[in-house]
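Residue strings, one per chain:
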Amino acid sequence: MKVFTPEEFPTPRADMFLPGWVMGLCVVLYLAAIGFAILALATMMWYPLIGFALLAILGGAAHLCWKNQSVRILDESRFEYTTFLGKKTVYRFSEIKDLRQNSDSFTLFVGDGKVHIEFAAYVSQRLFDKIREALERNRLYSAMNG
């Protein structure tokens, strides 16, 4: 996760988004899929079609992740999380319960849901600070009442 400032991205797509190299990976996967399709046609064999299908699916997944997966701050108390499939959910910062680090990402536990933040994602300083404040507030509340 790379925290960015307004100077680095004056008009970001969102407060959390995936970098452009993910879209580049999508293009590479699509081109490789096309290569496998051409190979299947040239050799009149169906085996390369397996490679075509796998690469096309991976390219599509990379494209969906790059295009959709994001977090936008709506106001001082709420944010909107969009999954890679485009499902949008609005959460309150006060609902943030925990942040866990996985092998390739972070999982933010919010209310009854989860927000997935890839290590490669760009996160605005504003969103980073809001998450940190909510986690500190939650830990202070738990310590006082636990």
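Residues numbered from 1 in each chain as written. Predicted model: local features only at pLDDT ≥ 70, side-chain atom pairs only at ≥ 80, totals over all residues. Heavy atoms only, no water.

1. Remarks on the overall build of the protein
Argument step 1. Summing up its helical and strand segments, the protein has three helices and nine strands in all.
Argument step 2. Listed N to C, the secondary structure of the protein is β-β-α-α-β-β-β-β-β-β-β-α in terms of helices and strands.
Argument step 3. Radius of gyration (C-alpha) of the protein: 19 Å, far over the 15 Å computed for a compact globule of 146 residues.
Argument step 4. Projecting the C-alpha coordinates of the protein onto the three principal axes gives extents of approximately 70 × 35 × 25 Å.
Argument step 5. Sorting the 146 residues of the protein into buried and exposed places 34% on the buried side.
Argument step 6. For the protein, the accessible area works out to roughly 9,000 Å², and carbon and sulfur atoms hold 64% of it. (Helix = DSSP H or I, 4+ residues; strand = E, 2+ residues; numbered from the N terminus. Rg over C-alpha atoms; globule rule 2.2 N^0.38 Å. Buried < 20%, exposed > 50% of the residue type's maximum accessible area, 1.4 Å probe, protein only. Areas by Shrake-Rupley, 256 points an atom, 1.4 Å probe, with all protein chains shown as cover.)

2. Describing the packing of aromatic side chains
Aromatic ring pairs are defined here through the distance separating the ring centres and the angle between the ring planes.
Argument step 1. One pass over the structure, following the stated rule, counts nine aromatic pairs.
Argument step 2. Ring plane angle 40° and centroid distance 4.8 Å describe the contact between F79 and F93, whose orientation is recorded as tilted. Taken together, the positions of F79 in strand 4 (residues 78–82) and F93 in the loop between strand 5 (88–92) and strand 6 (96–101) put the pair 14 residues apart, joining distant regions of the chain. Of the two residues, F79 and F93, both sit in the buried class.
Argument step 3. In this structure, R13 packs its charged tip against the face of W66, placed 4.6 Å from the ring centre. (Phe/Tyr/Trp six-rings, centres within 6.5 Å; stacked < 30°, edge-to-face > 60°. Lys NZ or Arg CZ within 6 Å of the ring centre and 35° of its normal.)

3. Thoughts on the pattern of salt bridges
Note that side chains of opposite charge can pair when their charged atoms are close.
Argument step 1. All chains considered together, the criterion is met by six salt bridges.
Argument step 2. Taking the shortest distance from any N to any O, the salt bridge between K2 and E8 comes out at 3.0 Å.
Argument step 3. Between K130 and E76 there is a salt bridge, with the nearest N and O atoms lying 2.7 Å from each other. Here K130, found in helix 3 (residues 125–145), pairs with E76, found in the loop between strand 3 (70–73) and strand 4; they are 54 residues apart in sequence, far enough to count as distant.
Argument step 4. Looking at K130, the relative accessible area reads 13%, which means it is buried.
Argument step 5. The exposure class assigned to E76 is exposed, which follows from its relative accessible area of 56%.
Argument step 6. In the salt-bridge network here, residues are joined through shared partners; they are D129, R132 and E136. (Salt bridge = Lys/Arg side-chain N within 4 Å of Asp/Glu carboxyl O.)

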